[in-house]
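Coordinates in review
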Amino acid sequence: MSLPSPTLLTARLRLRPFAGTDAGDLWGLHSDAHVLRYWDSPPWTGPERAERFLATCRTLAAEGTGTRLAVERLSDGVFLGWCGLSRWHPEYRSAALGFCFTQASWGHGHATEAARELLRWAYTSLDLNRVQAEADTRNLACARVLEKLGFVREGTLREDCVVAGVVSDSWVFGLLRSEFPGLVEPDAGRPGQIA
């Protein structure tokens, strides 16, 4: 069963399926060592990695295991990053949240705004009960975003990641449908899915 890749709107952002034309922006994002310093893999070293990322997006959707959406500013269409769901299990009603945003977009609430809309869509359209997220324990900004979304820190995965010889721990966060703040069914009077 395939998984839809919706287009979602918030007051400031558009979340949309990736297109081939996004390869350059993805390369810029994932080759930035500062942005990727707490990521679970090293920065990309060649632009061909963007094509592999886009192929993975198509595979996730086709296999029905997840969706990744590009995030752009509504006012001018500038690419800000992406957020997505993976490990979707309809039987268990669970999925995992991930996101990555450009350094220029940090501190403006874009990650929180985009992830909140994706979660709203997922809880209502996919009938999710639980969403999980993981963050490097050094990545306090990511932890703050997750906590603003209502996630609860549930534990620590000790030394679960090794990138370029650096060993790190990860926090595990969980958000239950019953805990998601302001969950309402979409209606024509508020931003939401448009396609």
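Notes on the structure follow. Keep in mind the model is a prediction, meaning the values are calculated, not measured.

Conventions we followed
Residues numbered from 1 in each chain as written. Predicted model: local features only at pLDDT ≥ 70, side-chain atom pairs only at ≥ 80, totals over all residues. Heavy atoms only, no water. Helix = DSSP H or I, 4+ residues; strand = E, 2+ residues; numbered from the N terminus. Buried < 20%, exposed > 50% of the residue type's maximum accessible area, 1.4 Å probe, protein only. Areas by Shrake-Rupley, 256 points an atom, 1.4 Å probe, with all protein chains shown as cover. Lys, Arg positive; Asp, Glu negative; His and termini not counted. Charge placed at Lys NZ, Arg CZ, Asp CG, Glu CD. Disulfide = S-S within 2.5 Å. Salt bridge = Lys/Arg side-chain N within 4 Å of Asp/Glu carboxyl O.

This next bit is on the overall build of the protein chain. Across its full length, the protein chain carries four helices and eight strands. For the protein chain, the sequential pattern of α-helices and β-strands runs β-β-α-α-β-β-β-α-β-α-β-β. Referenced to the eigenvectors of the C-alpha coordinate spread, the extents of the protein chain come out at roughly 50 × 40 × 35 Å. When the 195 residues of the protein chain are sorted by exposure, 45% land in the buried category. When the accessible surface of the protein chain is split by element, carbon and sulfur atoms take 52% of a total near 9700 Å². Looking at the protein chain, you have 21 positive and 23 negative side-chain charges, and the mean spots of the two groups are 3 Å apart.

For the structure shown, the criterion picks out zero disulfides. C83 forms no disulfide, and the closest cysteine sulfur to it belongs to C100, at a distance of 11 Å. Here C100 is not disulfide-linked; the sulfur of C142 is the nearest cysteine sulfur, at 9.8 Å. Taking the relative accessible area as the measure of exposure, C100 reaches 3% and is therefore buried.

Under the counting rule described, the total for this entry stands at 10 salt bridges. The salt bridge involving R16 is made with E72; its shortest N-O contact spans 3.0 Å. Within this pair, whereas R16 is found in strand β2 (residues 13-17), its partner E72 is found in strand β3 (residues 67-73), the two being separated by 56 residues in sequence. When sorted by exposure, R16 lands in the same class as E72, which is buried. We note a salt bridge from R120 to E117, for which the minimum N-O separation is 2.7 Å. Taken as a pair, R120 and E117 lie in helix α3 (residues 110-125) at a separation of three residues, close to a single helical turn. Looking at R120, the relative accessible area reads 13%, which means it is buried. Owing to a relative accessible area of 5%, E117 belongs among the buried residues under this scheme.

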